[in-house]
Amino acid sequence: EAPVCSASPTLGQLIAAAKNLTLVLHQSPEVLFPTAGPAPAAHVALSVMRVRFQYPEQVVPAINNLSLTVAVGEQIAILGHTGSGKSTLLQLLTRAWDPQAGEITINGVLLHKWSERALREMTAVVPQRVHIFSATLRANLRLAAQDADANANDEQLCAVMQQLGLDTLLMGDGLNTWLGEGGRALSGGEQRRIGIARALLHSAPLLLLDETNEGLDLFTAQQIRHLLTTRGKERTVIIVTHHLLGLEHFDRIYIIDRGTVIEQGS
């Protein structure tokens, strides 16, 4: 009787959560992917031409006549204040949404022509909010690896963690450390660095990072910037930020405001 009594106060919450989950599962997807398309590319060049995107029920477009190009292996920074459209642009590049006007291409192929599998294989993303699953540290890191044997053996996982200054997470149970609910608590900076570790373990030619310096001290931010420069070689890298730290190391900087490019250069 005791377990039943203790469960009854949360029964209403569980029913409400189940209803919400059912609604999500029955929603029509915002974008549709083709079942077939070009094979995943080993190198990526991007082109965004006169793109316009407006969120539903919003009057002002989040992206407005925006154009930019990124060559193969080029590392660019997109600079702008909060609400300028930086994160929205990354969402368009990953097809969370489709623009209402303009074109986005990868290697000259329209973005909507790529299959979902090919696009995900070619792209590694570090969002602002990195989700940590209730699982071991090893399992959380190996999520990103396409080939667990080649890209995510324990030695490589530990090496990436050490490079990101996460040595303390390897103490005790090491890669068997349990994270998430009932596990080791992580700071915001640690969560973000685990997200970066996932991206580095995913051998994708396109790397998209959203505000990677948030929650990090100056030394750690510089350390990660150096790591991205060295391990990001031959990758096409796009970082969106509102921080000026380390911008001199990028090949090109785009400044956007109100969803459009207002200045670009080195």
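Since the model is a prediction, treat every value here as computed from it, not as a measurement.

Cut-offs and rules
- The residue numbers shown here count from 1 along each chain, following its written sequence.
- With the structure being a predicted model, the display of local features is reserved for residues of pLDDT at least 70 and the display and counting of side-chain atom pairs for 80 or more, all residues being used for whole-chain, interface and lining totals.
- Water and hydrogen atoms play no part in the side-chain values, which are based on all heavy atoms of the structure.
- Helix and strand assignments follow DSSP, with helices taken as H or I runs no shorter than four residues and strands as E runs no shorter than two, numbered in order from the N terminus.
- Atoms counted for the radius of gyration: C-alpha only. Globule rule: 2.2 Å times residue count to the power 0.38.
- Throughout this description, buried means an accessible area under 20% of the type-specific maximum (1.4 Å probe, protein chains only), exposed means over 50%, and partly exposed covers the range between.
- Contact criterion: two residues are considered in contact whenever any of their non-hydrogen atoms come within 4.5 Å of each other.
- In this analysis, strands are considered paired if DSSP registers two or more bridges between them.
- Here a polar contact is taken to be a pair of N or O atoms separated by no more than 3.5 Å, where protein atoms must pair a possible hydrogen donor with a possible acceptor and residues adjacent in sequence count only if both atoms sit in side chains.
- Think of each axis as a best-fit line through the C-alpha atoms, taken over the contacting stretch in the case of a helix, with angles from 0 to 180 degrees between the N-to-C directions.
- Working rule for angles: under 35 degrees goes down as roughly parallel, over 145 as roughly antiparallel, 65 to 115 as roughly perpendicular, anything else as oblique.
- Gly is put with the polar residues, along with every residue not named as nonpolar or charged; the nonpolar set is Ala, Val, Leu, Ile, Met, Phe, Trp, Tyr, Cys and Pro, and the charged set is Asp, Glu, Lys and Arg.
- As used here, the term nonpolar core means buried Ala, Val, Leu, Ile, Met, Phe, Trp, Tyr and Cys residues forming a set that is joined through side-chain atoms within 4.5 Å.
- Any Lys or Arg side-chain nitrogen located within 4 Å of an Asp or Glu carboxyl oxygen qualifies as a salt bridge.

Trainee: Describe the overall build of the protein chain, listing the residues and the values that go with them.
Mentor: On a plain count of helices and strands, the protein chain comes out with nine helices and 12 strands. Taking 2.2 N^0.38 as the reference for a compact globule, 266 residues should give roughly 18 Å; the C-alpha atoms of the protein chain span a radius of gyration of 20 Å, in line with that estimate. Taken along its principal axes, the extent of the C-alpha atoms in the protein chain is 65 × 40 × 35 Å. Looking at the protein chain residue by residue over its 266 residues, the buried ones come to 42%. The contacts of the protein chain with a sequence gap of at least 6 include a subset with a gap of at least 24, amounting to 73%.

Trainee: Account for the sheet that holds strand E4 (residues 101-106), with residues named and values stated.
Mentor: In space, the four strands of this open sheet follow the order E2-E1-E4-E5, with antiparallel pairing throughout. Of all strands in the sheet, those with a lone pairing partner are strand E2 (63-70) and strand E5 (109-110), marking the two edges.

Trainee: Lay out the side chain of Thr236 with the relevant residues and their values.
Mentor: Within the element layout of this structure, Thr236 appears in strand E10 (residues 236-241). A residue is classified by how much of its surface remains accessible, and Thr236, at 0% relative accessible area, is buried. Among the polar contacts listed, one links the side chain of Thr236 to the backbone oxygen of Val44, at a separation of 2.5 Å. Among the polar contacts made by the side chain of Thr236, one reaches the main-chain amide nitrogen of Gly73 at a distance of 3.1 Å. Setting aside residues no more than four positions away along its own chain, Thr236 makes contact with Val44, Val70, Ala71, Val72, Gly73, Glu74, Pro205, Leu206 and Leu207.

Trainee: Go over the environment of Thr220, please, and point to the residues and values.
Mentor: The topology assignment puts Thr220 in helix H9 (residues 218-231). C-alpha separation for the pair Thr220 and Gly189, spaced 31 residues apart in sequence, amounts to 9.4 Å.

Trainee: Break down the environment of Gly182 for me, citing the residues and quoting the values.
Mentor: Secondary-structure assignment places Gly182 in the loop between strand E8 (178-179) and helix H8 (188-201). Distance from Gly182 to Gln222, taken between C-alpha atoms, is 32 Å for residues 40 residues apart in sequence.

Trainee: Break down the packing of H8 against H9 for me, citing the residues and quoting the values.
Mentor: Viewed as axis vectors pointing N to C, H8 and H9 meet at an angle of 5°, and their least axial separation amounts to 12 Å. Considered as vectors, H8 and H9 are oriented roughly parallel to each other. The residues of H9 that touch H8, namely those facing Arg193, Ile196 and Leu200, are Thr220, Ile224, Leu227, Leu228 and Arg231. Of the residues contributing to the contact of H8 with H9, the split by class is five nonpolar, one polar and two charged.

Trainee: I'd like to hear about the pairing of strand E12 (residues 260-265), residue by residue, with values.
Mentor: Bridge analysis of strand E11 (residues 252-257) against E12 gives five bridges, and the strand direction is antiparallel. Within the sheet, the bridge partner assigned to Tyr254 lies in E12 and is Gln264. Connecting E11 to the next strand, E12, in antiparallel fashion are two residues, including Arg258 with a positive phi near 55°.

Trainee: So, the nonpolar core: which residues are in play, and what are the values?
Mentor: Ranked by internal contacts, the top residues of the largest apolar core, which has 36 residues, are Leu137, Leu141, Leu164, Ile194 and Leu228. Broken down by secondary-structure element, the contributors of at least two residues to this core are strand E3 (75-79), strand E6 (123-126), helix H5 (137-142), helix H7 (154-163), H8, strand E9 (206-210), H9 and E10. Looking at which element gives the most residues to this core, the answer is H8, with six residues. Each residue touching Leu141, except ones within four places of it in the same chain, is listed here: Leu157, Met161, Leu175, Ile194, Ala197, Arg198 and Leu201. Listed in part, the 30 residues of the second largest apolar core include Val48, Leu66, Val70 and Leu111.

Trainee: Account for the pattern of salt bridges, with residues named and values stated.
Mentor: According to the stated counting rule, one finds seven salt bridges in the structure shown. For Arg95, the salt bridge identified is with Asp98, shortest N-O distance 2.6 Å. Accessibility expressed as a relative area gives 3% for Arg95, which makes it buried. Judged by its relative accessible area of 30%, Asp98 is partly exposed. The salt bridge partner of Arg117 is Glu121, with a shortest N-O separation of 3.1 Å. Of this pair, Arg117 and Glu121 both sit in helix H4 (residues 116-122), four residues apart, which is roughly one turn of that helix. Its relative accessible area of 23% is what places Glu121 among the partly exposed residues.

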